[in-house]
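# Remarks on the overall topology
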Amino acid sequence: MSDLQTVVNRSLLDQPSSTPSRQQRLYALIKQAILDGQLAAGTLLPSTRALAKELGIARNSTIHAYEQLVAEGFVISSSRGTVVAAVRPNRPTSLPAHTNGDAFPTLSERAHLISKKRPLDDVIHPFKPGAPAVEAFPFSTWRRLMVEALRQVEPHELGYRHAAGEPELRQAISDYLRASRGVRCTADQVFVTGGTQQSLQLCCKLLTDVGDVAWIEDPGYQGARTAMQSSGLHLYPVAVDEEGIAPQDQDWLECPPKLIYTSPSHQYPLGSVLSLQRRLQLIAEAKTHGSWILEDDYDSEFRHVGPPLSAMQGLTEDAPVIYMGTFSKSMFPGLRLGFFVLPHFIAERAIGALDVWVRTGHVPEQRALAAFIHDGHYVKHLRRMRQLYALRQQVLKQALQASWPLPYRLLGGAGGMHVSLTLPPHIRDKAVMTRAHATGLRPSALSAYSLDQRNGRNGLVLGYGNVPERDMFRHIQSLVHCLKPHTADGSTLLNAEQNQVVSARGVDLD
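Residues numbered from 1 in each chain as written. Predicted model: local features only at pLDDT ≥ 70, side-chain atom pairs only at ≥ 80, totals over all residues. Heavy atoms only, no water.

## Describing the overall build of the protein
Keep this limit in mind: Secondary structure is summarised from DSSP: a helix means a run of H or I of at least four residues, a strand means a run of E of at least two, and numbering begins at the N terminus for each. In this scheme, a residue with accessible area under 20% of its type's maximum is buried, one over 50% is exposed, and one in between is partly exposed, where area comes from a 1.4 Å probe on protein chains only. Residues are treated as being in contact if the distance between any of their heavy atoms lies within 4.5 Å. A 1.4 Å probe and the Shrake-Rupley method give the accessible areas. Residues count as covered only by the protein chains that appear here.
Within the protein, the regular secondary structure consists of 17 helices and 15 strands. Evaluated residue by residue, the protein yields a buried proportion of 50% over its 510 residues. Of the contacts made within the protein by residues no fewer than 6 positions apart, 73% connect residues no fewer than 24 positions apart. Surface accessibility of the protein: about 25000 Å² in total, with carbon and sulfur atoms responsible for 52%.

## Concerning the sheet that holds strand S2 (residues 75-78)
To be explicit about the condition: When DSSP finds two or more bridges between two strands, those strands count as paired.
Pairing is antiparallel across the open sheet formed by 3 strands, whose spatial order is S1-S3-S2. Strands at the two margins of the open sheet, each flanked by one partner only, are strand S1 (44-45) and S2. Where S2 and strand S3 (residues 81-84) come together, 4 bridges link them in antiparallel fashion. The residue bridging Ile76 from the neighbouring strand is Val83, located in S3.

## Section: the pattern of salt bridges
Keep this limit in mind: What makes a salt bridge here is a side-chain nitrogen of Lys or Arg within 4 Å of a carboxyl oxygen of Asp or Glu, nothing more.
Under the counting rule described, the total for this entry stands at 13 salt bridges. Linking Glu135 and Arg392 is a salt bridge whose minimum nitrogen-to-oxygen distance equals 3.0 Å. Of this pair, Glu135 sits in the loop between helix H5 (109-115) and helix H6 (139-152) while Arg392 is found in helix H14 (residues 377-403), placing the two residues 257 residues apart along the sequence. Take Arg392: its relative accessible area is 4%, and that puts it in the buried class. Linked by salt bridges that have partners in common, Glu157, Arg161, Glu166, Glu168 and Arg367 make up one network.

## Quick word on the pairing of strand S13 (residues 418-422)
Of all 5 residues making up S13, 5 are buried, and the element is well covered by its neighbours. In S13, alternate side chains face the same way, and those of His418, Ser420 and Thr422 on one face and Val419 and Leu421 on the other are all buried. Two strands pair when backbone bridges link them, and strand S12 (residues 410-411) and S13 are joined in this way by 2 bridges, in the antiparallel orientation. Each bridged residue has a counterpart across the sheet, and for Leu410 the counterpart in S13 is Leu421. Counting the residues in the hairpin turn of S12 and S13 gives 6 residues, including Gly412, whose phi is positive at 85 degrees. Summarising the sheet, S13 and strand S15 (residues 459-463) pair through 5 bridges and their orientation is antiparallel. Bridging across to S15, Ser420 finds its partner in Val461.

## Some words on the packing of H6 against helix H13 (residues 363-374)
We apply this condition: Here, axes are lines fitted to C-alpha atoms. For helices the fit covers the stretch in contact, and angles between N-to-C directions go from 0 to 180 degrees. For classification purposes, an angle smaller than 35 degrees is called roughly parallel, one larger than 145 roughly antiparallel, one from 65 to 115 roughly perpendicular, and anything else oblique. In this scheme, a crossing is called left-handed if the near helix is turned counterclockwise away from the far one by less than a right angle; it is called right-handed if the turn is clockwise. Each residue gets one of three labels, nonpolar for Ala, Val, Leu, Ile, Met, Phe, Trp, Tyr, Cys and Pro, charged for Asp, Glu, Lys and Arg, and polar for the others, Gly among them.
Viewed as axis vectors pointing N to C, H6 and H13 meet at an angle of 125 degrees, and their least axial separation amounts to 8 Å. In terms of their interaxial angle, H6 and H13 are classed as oblique. Here H6 and H13 pass one another in a crossing that is right-handed. Facing H6, whose interface residues are Thr141, Trp142, Leu145, Met146, Ala149, Leu150 and Gln152, H13 presents Pro364, Glu365, Arg367, Ala368, Leu369, Ala371 and Phe372. Taken together, the residues that form the contact of H6 with H13 break down as 10 nonpolar, 2 polar and 2 charged.

## Regarding the pairing of strand S10 (residues 321-326)
S10 sits mainly inside the fold: 6 of its 6 residues count as buried. The alternating pattern of S10 places Val321, Tyr323 and Gly325 on one face and Ile322, Met324 and Thr326 on the opposite face, and all of these are buried. Sheet topology places strand S9 (residues 292-296) next to S10; 4 bridges connect them, and they run parallel. Within S10, the residue paired with Ile293 across the bridge is Val321. Pairing of S10 with strand S11 (residues 338-341), which is carried by 4 bridges, proceeds in the antiparallel orientation. Looking at the pairing, Thr326 lines up with Gly338 of S11.

## Looking at the nonpolar core
As a reminder, the rule being used: By convention a nonpolar core is built from buried Ala, Val, Leu, Ile, Met, Phe, Trp, Tyr and Cys residues, the set being connected through side-chain atoms within 4.5 Å.
Counting 63 residues, the largest nonpolar core has Trp142, Phe327, Met331 and Leu369 as its most contacted members. It is H14 that contributes the most residues to this core, 10 residues altogether. In this view, Trp142 contacts Phe137, Met331, Phe332, Leu335, Glu365, Ala368, Leu369 and Phe372; residues no more than four positions away in its chain are not counted. The next biggest cluster of nonpolar side chains, apart from the first, holds 28 residues, and it includes Ala163, Cys204, Met228 and Phe340.

## Observations concerning the packing of H13 against H14
Following both chains from N to C, one finds H13 and H14 inclined at 70 degrees, their axes separated by 4 Å at the closest point. Taken together, the axes of H13 and H14 are roughly perpendicular relative to one another. Facing H13, whose interface residues are Ala371, Phe372 and Ile373, H14 presents His377, Tyr378 and His381.

## Section: helix H8 (residues 196-207)
Operational definition: Here a helix's expected span is defined as the number of its residues, less one, multiplied by 1.5 Å.
When the terminal C-alpha atoms of H8 are compared, their 16 Å separation across 12 residues agrees well with the 16 Å that a helix rising 1.5 Å per residue should span. Where H8 is concerned, the buried positions are Thr196, Ser199, Leu200, Leu202, Cys203, Cys204 and Leu207.

## Some words on the sheet that holds S13
Taken in spatial order, the 4 strands of this open sheet run S12-S13-S15-S14, and their pairing is antiparallel. Two strands bound the open sheet, and with one partner strand each, they are S12 and strand S14 (444-445). Strands S12, S13 and S15 of the sheet are contacted by H14, whose axis makes an angle of about 20 degrees with S13.

## Let's talk about the side chain of Arg170
Note the following rule: Counting of polar contacts relies on pairs of N or O atoms within 3.5 Å, with two restrictions inside protein: one atom must be capable of donating a hydrogen and the other of accepting it, and residues adjacent in sequence are counted only when both atoms are side-chain atoms.
Looking at the element boundaries, Arg170 is found in helix H7 (residues 167-180). A distance of 3.3 Å separates the side chain of Arg170 from the backbone oxygen of Ala187, its partner in a polar contact.

## Things to note about the environment of Pro247
Looking at where Pro247 falls in the secondary structure, it is placed in the loop between strand S7 (244-245) and helix H10 (249-254). Spatially, the C-alpha atom of Pro247 lies 9.3 Å from that of Trp215, the residues being 32 residues apart in sequence. When sequence neighbours within four positions are dropped, the list of residues in contact with Pro247 reads Trp215, Val238, Trp252 and Leu282.

## Section: the confidence of the model for the protein
To keep things clear, this is the line we draw: Values of pLDDT, which run from 0 to 100, indicate the predictor's confidence residue by residue.
Predicted confidence across the protein gives a mean pLDDT of 86, with 86% of residues reaching 70 or more. The low-confidence segment residues 95-99 (pLDDT under 50) makes 3 contacts with residues lying over four places distant or belonging to another chain. Long-range and interchain partners of residues 486-510, a stretch whose pLDDT sits below 50, account for 38 contacts in this model, where long-range means more than four residues apart.

## Quick look at unusual backbone geometry
The peptide bond linking Asp218 to Pro219 adopts the cis configuration, its omega dihedral lying at 0 degrees. Position of Pro219 among the secondary structure elements: in the loop between strand S5 (213-218) and helix H9 (222-230). With omega at 15 degrees, the peptide bond leading from Tyr268 into Pro269 counts as cis. Looking at where Pro269 falls in the secondary structure, it is placed in the loop between strand S8 (259-262) and helix H11 (276-289). Although it is not a glycine, Phe127 adopts a positive phi angle of roughly 70 degrees. With respect to the helices and strands, the residue Phe127 is situated in the loop between H5 and H6. Classification of Phe127 by relative accessible area gives buried; the value is 0%. A positive phi angle, near 60 degrees, is found at Asp299, a position not held by glycine.

This is how it looks when you write it as structure tokens:
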């Protein structure tokens, strides 16, 4: 019996495998035997004819397997026949017990931290913060614009495109921002990206160096925290109150920032709206200290109480503000298009770096979006969604008032697609969140958004944008069930009066 016959036999070739053909399975078995050291260097393999006869397979299968092994350098064709090449066996290294395998290469620290977070879920579950009502998007209009854009694309436009994005879309965005948000910009200052996360990463590269200080709202958007940590910045948490980010004089003295991240229109996750006085003060201090402000205009399109405030970027001349926006929330997440607006005095100089860092494409999508904005469909869609989200927020408040068994406060609500619901100190929000996720609901734990636990809040972030009104009471009741394990005696947390209200709405507690 040859050495090869000890590692390859007909039963192994016939076992179910992801490898589709016998010749590929034969190749894979011989290759693995060589890598494992079962077939030593210099071992003479049987001829293709002899091996095919021994295994009871077609000779073409053995010929193709050997040819592939020769091509990859695992075996050598010589005057003696086919011989195993000198390949270093893939034997595991013997490591001291206390190393626990740590001698092997590992992920970077920043990647390790990110990998601990929950994986992305491609299913849009109820109460998921930031999830829009995609079922209300005018897909028939969008499909028509996409077909038209695809029809007009020329072959030479399918290569790498300008790093700043398609001219039509940059112009459409700048026109919209000037009219609706009071942003001072021209199309040359608009840079199209793959969404807010890419905008944050590019701005960190453009405006900071490793070790620079970045102020971040606390509690605040975890995506901004991740982008800044990945850029090697030193994060400095600044507390948020009812008027938004609230830096103190001591913060400016002790830890002046190179970068300040804020979401002034609808702070995430508390829902605060940054007051005009604080906006102007933040801009003035940033000018004094040579700081950049990243204005994430999150949820500015969906204002439910009073007129929308103008963007910080347009409040003063030459404000050191980079304005960021995205179409993921106002249209649909899968579009993966966002933008940022650079001040005119650095926009031209940034092009060179962005040309190196960014390879853009998606020409049909960008042109379809430009037409969607230019033809008035975008403004019409926003108007409809504002009405829908205001209604869903109202129904959410009614459901909580009727069903929620604990004292609570709702934080936010002036705009957007989410509110934060406070919980009593003795109930841990992360435990409630875990139970809710097990039932198919997706609220977030409010405490998870804090970098400094002194700024921590205990509660649930409830996204209502993707919850139809008819389902709101049912889902709130399911969330109430997630509180039951926290009672001492296991009894229901709803009193008789609340049970009557819930039962009248057709919701069964048990």
